[in-house]
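Fold and geometry: a report
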Amino acid sequence: MSTYARQAARNVALPTSLDEAVAALAATPTAVPVAGGTDLMAAVNSGLLRPAGLVGLGRISEIRGWQYADGAALLGAGLTHARMGRPDFAALIPALAAAARAAGPPQIRNAGTLGGNIAGAAPTGDSLPVLAALEASVLVAGPDGNRELPVSHLLTGMDPLRPGEVLAYVRVPLLHAPQTFLKATGRTGPGRAIASVAVVLDPARRGVRCAVGAVAPVPLRPLEAERWVAGLIDWDGERTLAPEALTAFGEYAAAACIPDPLPAADGNAAPELPPAAVQLRRTVAALARRALGRALA
Amino acid sequence: MTGPDAATATPAVGTPTPVATGADEQQAEPHGIGASLPTTDGLAKAQGTYPYAADLWAEGLLWAAVLRSPHPHARILSVDTTEAVALPGVRAVVTHEDVPGDAMHGRRVADRPVFAKDTVRHHGEAIAAVAADHPDTARLAAAAIHVEYEVLEPVIDPERAFSAPPLHPDGNLIRHIPLQFGDPDAVGEVIVEGLYRVGRQDPAPVGAEAGLAVPRPDGGVELYVASTDPHTDRDLAAACFGLEQDRVKVVVTGVPGAMGDREDSGVQIPLGLLALKTGCPVKFVATREESFLSHSHRHPTLLRYRHHADAEGRLVKVEAQVLLDAGAYADTSADALAAAVAFAAGPYVVPHVFVEGWAVRTNNPPSGHVRGEGAMQVCAAYEGQMDKLAAKLGLDPAEIRMRNVMATGDLLPTGQSVTCPAPVGELLKAVRDTDLPPLPVDDDESEWLLPGGLEGAGEPGAVRRGVGYALGMVHMLGAEGTDEVSTATVRVHDGAATVICAAVDTGQGFATLARQIVQEVLGVEDVRVLPSDTDQPPAGAAARGRHTWVSGGAVERAAKMVRTQLLQPLAGKFGMSAELLTIADGKITSYDGVLSTTVEEELAGKELWATAQCRPHPTEKLDDTGQGDAFVGLAFCAVRAVVDVDIELGAIRVVEMAVAQDVGRILNPAQLHARIEAGVSQGVGMALMEDLRAPRGIIKRPNLTGYSLPTALDAPAIRVVRLIEERDVLAPFGAKAASAVPVVVSPAAVASAVRAATGRPVSRLPIRPQHAVARPQG
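Residues numbered from 1 in each chain as written. Chains lettered and ligands numbered in written order. Predicted model: local features only at pLDDT ≥ 70, side-chain atom pairs only at ≥ 80, totals over all residues. Heavy atoms only, no water.

The name an unreviewed UniProt entry gives chain B is CO or xanthine dehydrogenase, Mo-binding subunit, with Actinacidiphila glaucinigra as the organism.

Going by an unreviewed UniProt entry, chain A carries the name CO or xanthine dehydrogenase, FAD-binding subunit and comes from Actinacidiphila glaucinigra.

Next comes the structure, spelled out in structure tokens:
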């Protein structure tokens, strides 16, 4: 029984619509929006965060489902990992479903949400490399109206959430092609990713898009490797690749995400990659090779 | 975890009572020795209604908080409590100045201050404690205590402790044992060397430390804590309070998980001091972070080995250096070192053994008693050496072990003769000859849980299966002259029996066992075991299987004395001696069948009491060369591990652990299986993931996200293939302790299997993914 931090948040608002949520945040600008609370409440309980107030998003039913809009899916930010892991969702966006199923034990998946994963922006967030590979964008509701921005702009801090804004929807293009998400944890039970890789095929644009998670603060895109391998694929035919090409793609992508150290400024040879980085690069290479192989299988 | 085959997989077991299944419901309640009695408090614990220390409450209680050091090593220049005392709601602040009695305490050596005075020696060491009328106020007040530190360079490498300036007035060397056995000049035809490292396993109890202290009108104090050794804890606390021992009472509340000496005195002494100072009840509930910072861990160990063998693979000589990182305080490190040195060669016959063992002080998190301490670390190393020897000689790993196993009558490297049953060869044979788990067939991947888990990245083509073996041993009861005595009282009244014994049931099942013993001896069905406190005579610590042996023995003796009181008048009436009467199924019958009456009838209206002690035969301290009869008894275990390894990612899944164990006699089959499964699971955790990392002496992530424990998906199928019941004549009932030895052997077995799967040396526990990937070509 925990006996501490009981009165951490006396000021709790429970809006039932996005407008109410925005209004609640406008009324208490220092309040923190909370959805599943799987990361946030742990920080509160351990005393790392003492929010002046909480705005609970759990009762806003409009962001707990998804809808179709112009060849894209508009996913509510309140979608739980458990919901995204179900087969109907997996048929729509397979890689996001796989990431959701891999995101921790059932208790966490039942509570944790897509929006929380994005807003929390933990390097190990499992849905983030998938969203990066899908080139998804987020719709934000705020006091000055709604706006849409790419997920990567939000994650990198190029265009952060402004005061009073709430993550409302995530727009994900529907590609109708295989996608994969693979994650290495080093154990069999649920765990945080050592590295994760999402690969999506975009046959309409004849593209392969790949993102690597957990190795850097934000998901990384090996763009050159993507373009190179997309050029090798026979998009009108079998869409298969030789094992050597898959291996080369894996190594290309891994070397892009975990680059060799730069040569020293004084002209001496570059220092060697530390063994842990070599191992991480090998892990990413194996994941990327397997992920692309499964997407093309 | 074991699944339905747990009971069927034990055909060799003498007592055929199966684990309770639906078919048993028709029969009478199981009772007596050899039956699978369920625990009395199991249901309440499973339903969450069982009150643990954290659930206790008293009228007008205050809440305590402890201020802990953020530095692993620092000089304290000043402690200023004025701001904390002035906070509204704060009732008392105590520092080292407020300790009326001994400033230092410790289980073996009094070297640990109640509150740090001049120096802090580990991250999380207590500096002051606060009592306030709200837990948050207490925490805020603790944070408001201003401590001025002069940060010192921490000693974090145990190898540097020898030359580092002393961290403690007692010096940095806690114990050194240079064991010498045989001829130092002996040389084998084949020599293998290895360097092994074992990480810091945390006991990670389900419930964090908690307690309630209630002052008594006579100036004493009652401590309600989850102690596993109430009398020692009371004595330590009383000495620090400056009170007579009988004015301090330790009442044992439910124990939410114990892997050793639970409830470090760091909880109960500050609590008692605050209760005495304020005159109010004071409660403390540690956060998970505090729990990780304050309690004792398994000793991180560095081991260097050189094994000599002849061309047939028979061991000639074992040379070893064992270095235990004790952390800042001695605690039970001297005992752990004795076990590590004595068992450094394993359950093998080795004519010449030379081991140097050291336990040294560092500024790392404190180490202490965790199941199988000392024995577990050396097992990982000597079994690694056996694998190396097998590879060098081209022998099967099981075969080379078989050629060297010890048996009753062989000598330990301490010169002590193994007098108890030591069926090591039989155990190995049992795990070696049992069927391997089936390989997943290619077309049925959905059934195959790949390393990496259900949604992991596992690819069947990259998975290699490995099979590994390990043998190991632990000693039972305290070693080296520890006085292992226990006292129990059995009272029979109105057809029901009560057992009064201070032995704590930490979940190991002692209370159930005590009931079974009384049922067996007296034929009384209704047996109650009273909760433990220090008003009862001492029973010692719940560790090293001592309660099964010593307290179980005391209960049996007391029950037999009551039995004599019951039968004597009957026997006199019929003109025969009491020995000719037997009690079975609640009936008293004479040898010739003339007399037949029920226990119930004879007990009606009577109240019989008896108190008895059990004290096993004494042991002696290891001498200057590590020689001496230091152990009362030994328990052995063999494990065969089967693992799947993704050799590209280094992900490991333990598929199956087959266990054969030397148990002496099965007293409660269901409980025994549970103990073995728990031990194997803990061992798998040690092998694959449990390591409390403390770079530069600071525990970076003291929580259950940073410190991973095995989950249901990580836990392997555990098959108990053989339980050997050769009774140990010294032990009451002939039973051996069962909990510790699977913990000792399992990590070594997993490492052995990973070696077989990957071809990598695997010399570090837990095994990290980078040590389980196949070497890239070239």
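The secondary structure content of chain A amounts to 12 helices and 11 strands. The C-alpha atoms of chain A give a radius of gyration of 20 Å, which matches the 19 Å a tight globule of 297 residues would have. Within chain A, the fraction of its 297 residues that count as buried is 51%. Nonlocal contacts in chain A, meaning residues at least 24 apart in sequence, comprise 58% of its contacts between residues at least 6 apart. Put simply, chain A has 26 plus and 23 minus side-chain charges, and the middle of one group is 10 Å from the middle of the other. (Helix = DSSP H or I, 4+ residues; strand = E, 2+ residues; numbered from the N terminus. Rg over C-alpha atoms; globule rule 2.2 N^0.38 Å. Buried < 20%, exposed > 50% of the residue type's maximum accessible area, 1.4 Å probe, protein only. Contact = heavy atoms within 4.5 Å. Lys, Arg positive; Asp, Glu negative; His and termini not counted. Charge placed at Lys NZ, Arg CZ, Asp CG, Glu CD.)

This paragraph deals with the pairing of strand S6 (residues 137-142) of chain A. All names here are of chain A. Extensive coverage of S6 is indicated by the burial of 6 of its 6 residues. Side chains Ser-137, Leu-139 and Ala-141 project from S6 onto one buried face, and the interleaved Val-138, Val-140 and Gly-142 project onto a second face that is buried too. Direction of pairing for S6 relative to strand S7 (residues 145-150): antiparallel, over a ladder of 6 bridges. Residue pairing for S7: Leu-139 is matched across the bridge by Glu-148. Here S6 hands over to S7 after 2 residues, the two strands then running antiparallel side by side. (Pairing = 2+ DSSP bridges.)

Residue and element names in this part refer to chain B. One open sheet accounts for 3 strands, arranged S6-S2-S8; its pairing is antiparallel. This sheet does not close on itself; its edge strands, each paired only once, are strand S6 (119-120) and strand S8 (146-151). Sheet topology places strand S2 (residues 74-80) next to S8; 6 bridges connect them, and they run antiparallel. Following the sheet pairing, Arg-75 is matched in S8 by Glu-150.

The next point concerns helix H16 (residues 740-758) of chain B. All names here are of chain B. Here H16 spans 29 Å end to end across 19 residues, near enough to the 27 Å set by a 1.5 Å rise per residue. Within H16, 18 of the 19 residues are buried, which leaves it mostly tucked inside the rest of the structure. Where H16 ends, the next residue or the one after it, Gly-759, has phi of about 75°, a positive value. (Expected span 1.5 Å × (residues − 1).)

Interface size is commonly expressed as the accessible surface area that is lost when the partners come together. All names here are of chain B. Along its sequence, chain B is organised into domain 1 (54-152 + 209-285), domain 2 (301-479 + 621-771) and domain 3 (486-614). With centres defined by C-alpha atoms, the gap from domain 2 to domain 3 works out at 38 Å. For the pair domain 2 and domain 3, the interface holds 0 salt bridges. Seen at the junction of domain 2 and domain 3, the total is 4 residue pairs in polar contact (both at pLDDT 80 or more). Among the elements of the structure, strand S18 (463-476) and helix H15 (669-688) are those that each provide at least two residues to the side of domain 2 that touches domain 3. Grouping the amino acids of the side of domain 2 that touches domain 3 by side-chain chemistry returns 10 nonpolar, 6 polar and 4 charged. (Domains from an automatic or database assignment. Salt bridge = Lys/Arg side-chain N within 4 Å of Asp/Glu carboxyl O. Polar contact = N/O pair within 3.5 Å; in protein donor to acceptor, adjacent residues only side chain to side chain. Nonpolar A, V, L, I, M, F, W, Y, C, P; charged D, E, K, R; others polar.)

We now examine the UniProt feature "domain: Aldehyde oxidase/xanthine dehydrogenase a/b hammerhead" (unreviewed entry) in chain B. In this structure's numbering, the residues bearing the UniProt feature "domain: Aldehyde oxidase/xanthine dehydrogenase a/b hammerhead" (unreviewed entry) are residues 47-153 of chain B. Helix and strand shares over residues 47-153 of chain B are 14% and 36% respectively, and the end C-alpha atoms of the span are 49 Å apart. (UniProt positions renumbered as here; feature names shortened; annotations may be inferred.)

What follows covers the environment of B:Pro616. Residue and element names in this part refer to chain B. Positionally, Pro-616 belongs in the loop between strand S25 (607-614) and strand S26 (633-646). Here Pro-616 falls in the buried class, since its relative accessible area comes to 14%. Considering only alpha carbons, one finds Pro-616 and Arg-546, 70 residues apart in sequence, at a separation of 10 Å. Apart from the residues lying within four places of it in its own chain, the contact partners of Pro-616 are Leu-477, Glu-484, Trp-549, Val-550 and Val-632.

What follows deals with the sheet that holds strand S4 (residues 66-69) of chain A. Residues and elements named next belong to chain A. Judged by pairing direction, the sheet is antiparallel, and its 5 strands sit side by side in the order S4-S5-S8-S6-S7 without closing on themselves. The two strands at the open ends of the sheet, each matched to only one other strand, are S4 and S7. In this sheet, neighbouring strand axes are inclined to one another by 25° on average, regardless of whether the strands run parallel or antiparallel. When S6 meets strand S8 (residues 166-173), the two strands line up antiparallel, connected through 5 bridges. (Axes fitted to C-alpha atoms, helices over the stretch in contact; angles between N-to-C directions.)

Turning our attention to the pattern of salt bridges. Residue and element names in this part refer to chain B. Under the defined criterion, the tally for this structure stands at 58 salt bridges over all chains. One salt bridge connects Arg-361 with Asp-170, and the closest N-O pair in it is separated by 4.0 Å. With Arg-361 in the loop between strand S17 (352-360) and helix H9 (375-393) and Asp-170 in the loop between S8 and strand S9 (173-181), this residue pair connects regions lying 191 residues apart in the sequence. Judged by relative accessible area, Arg-361 falls into the buried class, the value being 3%. Taking the relative accessible area as the measure of exposure, Asp-170 reaches 45% and is therefore partly exposed. One salt bridge in this structure joins Asp-310 and Arg-314, with 4.0 Å as the shortest N-O distance. Overall, Asp-310 belongs to the buried group, its relative accessible area being 18%.

Our focus in this paragraph is the domain arrangement of chain A. Residue and element names in this part refer to chain A. Domain annotation of chain A identifies domain 1 (12-56), domain 2 (62-173) and domain 3 (179-296). A separation of 18 Å is found between the C-alpha centroids of domain 1 and domain 2. The contact between domain 1 and domain 2 buries some 880 Å² in all, and 78% of this surface belongs to carbon and sulfur atoms. Counting the surface domain 1 buries against domain 2, the share from its top three residues, Leu-18, Val-22 and Thr-38, is 57%. Connecting domain 1 to domain 2 are 0 salt bridges. Linking domain 1 with domain 2 are 1 residue pair in polar contact (both at pLDDT 80 or more). Residues that form the side of domain 1 that touches domain 2 fall into these classes: 5 nonpolar, 3 polar and no charged. (Buried area = accessible area lost by both parts, 1.4 Å probe.)

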